[in-house]
Amino acid sequence: MRQSVLNREQQKILELLKEIDIICKKNKIPYFLSPYLTFCAVMKRPFPQNPNAGVVYMKTGDMERFKNIFEEEPELRRTLESMENNSRFPGFFLRYTDKDTLLYRMDEYGKYRYPGISVTILPLQCEYGPKLKYHWNRMREEGWKRIYGKKGTWRNRRELACIWMVRFLLLCGRGWLGKSIFRDLLHQPQENVRTYVIRYFEMNLYFSASVFERTQEIELEGERFSIPEDVEKYLVTAYGKKYRNKSSEKYVPDSMSVCSALIPCEEFMQQSKELKKFAADRKRVVRRRKFGLNYRKYFEQCWDYVKFCGAKCECSAAYRKKQSYIQNLLKNEDYVQLEKTFAEYTRMMNRCLKYEEAFDTDPEIFELYLQYLEKTGRISYMEKVKKYV
């Protein structure tokens, strides 16, 4: 395989991946490259430029073994962060980080103790019994993830309930709760598993357990890594049957992020007071801007509706002039010509239905239109229109 020219950050991610590979092979711990890294290796695509692209999967039991081995013999200038040793860690996973690098987002102060270039180790979780314990752990995990990973945002009532439950449990201590959630999820039973799930912040990815029964090795940028033996099913599950047509992900550097393979994160974080102040100011500006944008969006919607009402009046006036012509077409049962004549009226009606209203500005033309729908057999559409009269 022809190797591509890697920048310093890509070389560092590849180096961290190889270190994980060495630890796992030495201790017979199975792991799997993420679907996108596997896709790059299988399809001979360039190594991803995104500094967050370094991701591997492990089963929860194997993840615990990896954590214990690292703690017994910690690598020089490396750290393994999790909910167990960082009370503000954003979720249930491990973060294998190089302390001599920097990957820091300006408005996420305190999220990681060592904000360097890292490889994320995501757990392959499963549904287990008893059900009550499973749902209890899931709610605690989801609430923690929403509070510390998504800044308290929620999409439905279930997520809101999880947030408030975790906020109540935080009264017992953030450090204690983080360790409790982490250890309970790490020790989840893995017998007779049929389906594994990878839980991202905004989506879940489900795999058949048979995918991870055996492993094989594949070359990526001159190094050998572990992937599932049934790589076809692995990639089809992640990207669909047409995964071969998938284009490489385009990475656009974030203006709020700082990434360097030359700056140690510890030196950078020595300016913590200034960074903390900047993060607080940034959050305040974002809140103000969001408040202003909400009102601006509301006024824009109002103005769009005013213009839409003007278009309705113009359309209604144009059809008022055609009233006698339309009546003659109905009398002569010329439905082909009626369809052409009512084409613009139908388009306007569809726009009105999006606002949950009917285009009945002129009642006489509206009645003629309903007759046309009835005669041409468009009964379901006619009932839909009548619902908003």
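Residues numbered from 1 in each chain as written. Predicted model: local features only at pLDDT ≥ 70, side-chain atom pairs only at ≥ 80, totals over all residues. Heavy atoms only, no water.

Asker: Quick question: what am I supposed to make of the sheet that holds strand β4 (residues 94-98) here?
Answerer: Whether parallel or antiparallel, the strands of a sheet pair through hydrogen bonds between backbone atoms. Strand order across the open sheet formed by five strands is β1-β2-β6-β4-β3, with mixed pairing between neighbours. Single-partner strands in this sheet number two, and they are β1 (32-33) and β3 (78-81). The sheet contact formed by strand β2 (residues 55-59) and strand β6 (residues 118-124) spans five bridges and is parallel. Across the sheet, the residue bridging to Met58 is Pro123, located in β6. Where helix α3 (residues 60-72) meets the sheet, it contacts β2, β3, β4 and β6, and its direction lies at approximately 110° from that of β2. (Pairing = 2+ DSSP bridges. Helix = DSSP H or I, 4+ residues; strand = E, 2+ residues; numbered from the N terminus. Contact = heavy atoms within 4.5 Å. Axes fitted to C-alpha atoms, helices over the stretch in contact; angles between N-to-C directions.)

Asker: Would you mind showing me how to read the packing of aromatic side chains here?
Answerer: Aromatic ring pairs are reported here in terms of the distance separating the ring centres and the angle at which the planes meet. Scanning the entire structure with this criterion turns up 24 aromatic pairs. A ring pair is formed by Tyr319 and Phe342, whose centres lie 6.1 Å apart and whose planes are at 5°; its orientation type is stacked. Of this pair, Tyr319 sits in helix α9 (residues 272-320) while Phe342 sits in the loop between α11 (335-341) and α12 (343-354), placing them 23 residues apart in sequence. No difference in accessibility class separates Tyr319 from Phe342, as the two residues are buried. Ring geometry for Tyr319 versus Tyr345: centroids 5.2 Å apart, planes at 75°, classification edge-to-face. Of this pair, Tyr319 sits in helix α9 while Tyr345 sits in helix α12, placing them 26 residues apart in sequence. Taken together, the ring pairs connect Phe32, Tyr57, Tyr196, Phe207, Phe212 and Tyr234 into an aromatic cluster. When the ring centre of Tyr319 is taken as reference, the NZ or CZ atom of Lys322 above it lies at 5.0 Å. (Phe/Tyr/Trp six-rings, centres within 6.5 Å; stacked < 30°, edge-to-face > 60°. Buried < 20%, exposed > 50% of the residue type's maximum accessible area, 1.4 Å probe, protein only. Lys NZ or Arg CZ within 6 Å of the ring centre and 35° of its normal.)

Asker: Is there a simple way to think about the environment of Leu103 in this case?
Answerer: With respect to the helices, strands and loops of the structure, Leu103 is situated in strand β5 (residues 102-105). Once residues within four sequence positions are removed from consideration, Leu103 is found in contact with Pro51, Asn52, Arg95, Pro115, Gly116, Ile117, Val258 and Cys259.

Asker: Help me out: how do you make sense of the environment of Tyr200 in this one?
Answerer: Mapped onto the elements of the fold, Tyr200 is located in the loop between β7 (195-199) and β8 (204-208). Classification of Tyr200 as partly exposed rests on a relative accessible area of 30%. Tyr200 sits 90 residues away from Gly110 along the chain, and the two C-alpha atoms are 21 Å apart. Aside from chain neighbours lying at most four places away, what touches Tyr200 is Tyr57, Leu122, Lys145 and Leu205. Within the structure, the side chain of Tyr200 is placed 2.7 Å from the side chain of Tyr57, a separation counted as a polar contact. (Polar contact = N/O pair within 3.5 Å; in protein donor to acceptor, adjacent residues only side chain to side chain.)

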